[in-house]
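Here is what each chain is made of, one letter per residue.
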Amino acid sequence: MNETAMPKRELLINSAIRVFAEMGYHGSRVADVVKEAGVAHGLFYHYFPSKEDLLICIFQEAWMNMLSFIDKAAKSKDNPLENLRLAIRYMVKNFAVNSSLIKVLVLDVPRCAKFYEQENQELYRSAFTSLEKIVEEGKKRKVFNKNITSSLASHLVYGAIDSIIRKYVYDPRFDPGKINQEEIVVQVTRMLFHGLCN
C-alpha cells in the first residue's frame, strides 16, 4: 500500500519502526516519528498515549502476526516435522524482509518497562506455547523422541533462530539482502532434527 493512502495509525507505526531502527528508541523523540510520517504532532497522541505505548504496540502487532503464522503452520500439513520447518522458515524470512522491525524487537523492546507487564509477557510466552504444540503433536505421532521436554524443545528452536538474528543485528555492516534464508533454514533444521553428529 502506498504510504500516502495508508491509515494514519499504521503510517505512524511504520514510521516509528524506521526511526527506532535508525536512531534507537532512546535516541529518538515523538517529533522524529511524526516528521518521518509527515503528520501533525498532535495526531500522534490521538493514537498513542506515549512513545513507550507505540513501542509496545509494535511488539504486540509483530508478535500476534508471528503467532498467527505458527498456528497456521501447525495445522497446514499432516507432518509435525514439516510444520516446525515452516515455522522456522517464517522466522528467518521475516527477519530478512523486515530487518528494521526485527532490530527494534531485539534491541528496544526488551529495554521497555511495559514489555514486562503481565499482558505482554503472556503474549511473548505464547510463541513458545505454539511451538510446544507442534512438538507435542510430533511426539504423539512418534516423529519426535517421546523423552524430550516439549517446552525445552520450543525454547531451543526459538533460541537457535534468535541467536542467529542477533548475530546480524549486532553487526553494523549487516546487509539483509545478503542473507541466504534457505541455507539458514536447512542448517538449523538439520542440527535440530539430527544433531551435530554424522
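Residues numbered from 1 in each chain as written. Predicted model: local features only at pLDDT ≥ 70, side-chain atom pairs only at ≥ 80, totals over all residues. Heavy atoms only, no water.

Q: Explain the packing of helix H4 (residues 51–76) against helix H7 (residues 118–140) to me, and be specific about the residues and the numbers.
A: Interhelical geometry of H4 versus H7 gives an angle of 15 degrees and a closest axis separation of 10 Å. Taken together, H4 and H7 sit at an angle that is classed as roughly parallel. As for the relative orientation of H4 and H7, their crossing is left-handed in sense. Facing Ile56, Phe59, Gln60, Trp63, Met64, Met66, Leu67, Ile70, Asp71 and Ala74 of H4, the residues of H7 in contact are Glu119, Asn120, Leu123, Tyr124, Ser126, Ala127, Ser130, Leu131 and Ile134. Here the contact of H4 with H7 is composed, by residue class, of 13 nonpolar, four polar and two charged. (Axes fitted to C-alpha atoms, helices over the stretch in contact; angles between N-to-C directions. Helix = DSSP H or I, 4+ residues; strand = E, 2+ residues; numbered from the N terminus. Parallel < 35°, antiparallel > 145°, perpendicular 65-115°, else oblique. Left-handed = near helix turned anticlockwise from the far one by under 90°. Contact = heavy atoms within 4.5 Å. Nonpolar A, V, L, I, M, F, W, Y, C, P; charged D, E, K, R; others polar.)

Q: Kindly report on the environment of Glu183, identifying the contributing residues and their values.
A: Relative to the helices and strands, Glu183 is located in helix H9 (residues 181–194). A distance of 2.8 Å separates a polar atom in the side chain of Glu183 from a polar atom in the side chain of Gln187. (Polar contact = N/O pair within 3.5 Å; in protein donor to acceptor, adjacent residues only side chain to side chain.)

Q: I'd love a proper account of the packing of aromatic side chains, names of residues and values included.
A: Counted by the stated rule, this structure contains 15 aromatic pairs. Centroid distance Phe59 to Phe115: 5.2 Å. Interplanar angle 90 degrees. Geometry classified as edge-to-face. In this pair, Phe59 is assigned in helix H4 and Phe115 in the loop between helix H6 (99–107) and H7, connecting sequence segments 56 residues apart. You can call Phe59 buried: its relative accessible area is 1%. For Phe115, a relative accessible area of 7% gives the class buried. An aromatic cluster of at least three residues, connected via ring pairs, comprises Phe59, Trp63, Phe115, Tyr116, Tyr124, Phe128 and Tyr158. Sitting over the face of the ring of Tyr25, Lys51 holds its NZ or CZ atom 4.1 Å from the ring centroid. (Phe/Tyr/Trp six-rings, centres within 6.5 Å; stacked < 30°, edge-to-face > 60°. Buried < 20%, exposed > 50% of the residue type's maximum accessible area, 1.4 Å probe, protein only. Lys NZ or Arg CZ within 6 Å of the ring centre and 35° of its normal.)

Q: So what's going on with the pattern of salt bridges? Residues and values would help.
A: Pairing between side chains becomes possible if they bear opposite charge and their charged atoms approach one another. Applying the stated criterion across every chain, the model contains 11 salt bridges. Among the salt bridges present, the one from Asp32 reaches Arg29, with a minimum N-O distance of 3.3 Å. In this structure Asp32 comes out as buried when scored by relative accessible area, which is 14%. Here Arg29 falls in the exposed class, since its relative accessible area comes to 53%. Linking Arg89 and Glu182 is a salt bridge whose minimum nitrogen-to-oxygen distance equals 2.8 Å. Placement of the pair is Arg89 in helix H5 (residues 80–97) and Glu182 in helix H9, with a sequence separation of 93 residues. Residue classification places Arg89 among the partly exposed residues on the basis of a relative accessible area of 26%. Owing to a relative accessible area of 38%, Glu182 belongs among the partly exposed residues under this scheme. (Salt bridge = Lys/Arg side-chain N within 4 Å of Asp/Glu carboxyl O.)

Q: Tell me what's going on with a nonpolar patch on the surface, and back it up with residues and numbers.
A: A cluster of nonpolar side chains, namely Leu152, Leu156 and Leu192, defines an oily patch on the protein surface of about 270 Å² accessible area. Structurally, the position occupied by Leu152 is in helix H8 (residues 150–169). Taking relative accessible area as the criterion, Leu152 reaches 52% and is therefore assigned exposed. (Patch = residues over 30% accessible without salt bridge, like charges linked within 9 Å, V, L, I, M, F, W, Y side chains within 5 Å. Areas by Shrake-Rupley, 256 points an atom, 1.4 Å probe, with all protein chains shown as cover.)

Q: I'd like a description of helix H1 (residues 8–23), backed by residues and values.
A: The end-to-end C-alpha distance of H1 is 22 Å, a good match for the 22 Å that 16 residues give at a rise of 1.5 Å each. Within the sequence span of H1, burial applies to Leu11, Leu12, Ile13, Ser15, Ala16, Ile17, Val19, Phe20 and Ala21. Where H1 is buried, its residues meet helix H2 (30–37), helix H3 (41–47), H4 and H6. A positive phi of about 85 degrees marks Gly24, the residue just after H1. (Expected span 1.5 Å × (residues − 1).)

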